[in-house]
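Examining the three-dimensional arrangement
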Amino acid sequence: MRRLPLRLMRSAASALRGPAATHGGFPATPALHPAAVAATPSSPPADLSRWPQRRGYSQFASGFTPLKPKPLGSIIDVERAKGLSPEHLVAAWDDYHLGRGHIGASMKTKLYHLLEQRSSTCRHFVIPLWKGSGYTTMFMQGLEDYKARGTQASPYYTVTHYTEFAETKDTVLIRGDVVFTSKLTDPEAKTLLETAHSFYLNDVRYRLVERFNKETHEFEFRDVLQVLDMPTM
């Protein structure tokens, strides 16, 4: 299980004006979209009907701690999930997370290993999120690094990768938890997750991540904006 907090770094682009491009979106090829690996099942498996539905329910109201990993067994019935096909498991996982403040996604194990390897050497990055007529910059870092630095600012968003089914079903389940639902909508959280994965899983985009972590003096934030088709001025 790995955690990834996303913090608000700064409000940027004071009312930036520009063409309405695919701001902050995930415009590239399907290969960059690891969340879209589930095939549509021809018929719903019987097991799905027995899974509890908690749409609209938020753990944050009952003392949710963003820095404490949530065990997979507290979200789904792991034993029952073992009997599902990978496609039905992903479909159930996505359906379960329909509701305010929770994002469900998944990726193949090979992609996860690549993500794990790259994020271990390049732990930080900055992602612009388009909001209205400008963007907000989010700072991304690993949970352990976040704790070690003693950062006082609370994360806006945490992401957990669950590897319990990585070997048996070639599937890593992903859960995003929005800490401040008044500041970040579900579509924005989904965009952040997809964009973060794209920068670590796409070779061309990953060069910017490497530059940010290893060659900071050569890093230009405008390069990130250009990759995401956001206006730089």
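Along each chain, residue indices are assigned from 1 in the same order as the chain's sequence is written. Confidence filtering applies because this is a predicted model: local features only for residues at pLDDT of at least 70, side-chain atom pairs given and counted only at 80 or more, and all residues used for totals across whole chains, interfaces and linings. Based on all heavy atoms of the structure, the side-chain values leave hydrogens and waters out of the count.

Let's shift gears to helix α6 (residues 186–201). Residue pairs spaced three or four apart in an α-helix point in one direction, given the helix's 3.6 residues per turn. Over its 16 residues, α6 extends 22 Å from the first C-alpha to the last, a length consistent with the 22 Å expected when each residue adds 1.5 Å. For α6, a buried count of 13 out of 16 residues is recorded, marking the element as mostly surrounded by other parts of the structure. Every helix listed is a DSSP run of H or I at least four residues long, and every strand listed is a run of E at least two residues long, numbered separately from the N terminus. Expected helix span is computed as 1.5 Å times (number of residues minus one). Partly exposed residues are those whose accessible area sits between 20% and 50% of the maximum for their type, while under 20% is buried and over 50% is exposed, using a 1.4 Å probe and protein chains only.

Turning our attention to the packing of aromatic side chains. Pairing of aromatic rings covers Phe, Tyr and Trp, the last counted by its six-membered ring, and requires centre-to-centre distances within 6.5 Å; plane angles under 30 degrees mean stacked, over 60 mean edge-to-face, and any other angle means tilted. Tallied over the entire structure, the rule returns eight aromatic pairs. Look at Tyr-200 and Tyr-206: their rings are 6.0 Å apart centre to centre, the planes differ by 50°, and that puts the pair in the tilted class. Counting every residue linked through ring pairs, the aromatic cluster contains Phe-125, Phe-199, Phe-212 and Phe-219. Arg-118 extends its terminal NZ or CZ atom over the ring of Tyr-206, reaching a point 4.3 Å from the ring centre. The positively charged end of Arg-205 is found above the aromatic ring belonging to Phe-199, 5.3 Å away from the centroid. We count a charge as sitting over a ring when the NZ of a lysine or the CZ of an arginine lies within 6 Å of the ring centre and within 35 degrees of the ring normal.

Okay, the environment of Pro-155 next. Here Pro-155 is to be found in the loop between α4 (143–149) and β5 (157–162). Judged by its relative accessible area of 2%, Pro-155 falls in the buried class. For the pair Pro-155 and Gln-141, spaced 14 residues apart in the sequence, the C-alpha separation amounts to 9.9 Å.

Now for the packing of helix α3 (residues 109–121) against α6. Direction vectors running N to C along α3 and α6 enclose 80°, while the axes themselves pass 9 Å from each other. It follows that α3 is roughly perpendicular to α6 by the angle criterion. The segment α3 lies against α6, with Leu-111, Leu-114, Leu-115, Arg-118 and Ser-119 engaging His-197, Tyr-200 and Leu-201. When the residues that make up the contact of α3 with α6 are grouped by side-chain class, the tally is five nonpolar, two polar and one charged. Axis geometry follows a simple rule: fit a line to the C-alpha atoms, using only the stretch in contact for helices, then measure angles between N-to-C directions, giving values from 0 to 180 degrees. Small angles under 35 degrees read as roughly parallel and large ones over 145 as roughly antiparallel, with 65 to 115 read as roughly perpendicular and the rest as oblique. Only heavy atoms matter for contacts: two residues are in contact if any of them lie within 4.5 Å across the pair. Under the grouping applied here, Gly and all other residues not named as nonpolar or charged are polar, the nonpolar ones being Ala, Val, Leu, Ile, Met, Phe, Trp, Tyr, Cys and Pro and the charged ones Asp, Glu, Lys and Arg.

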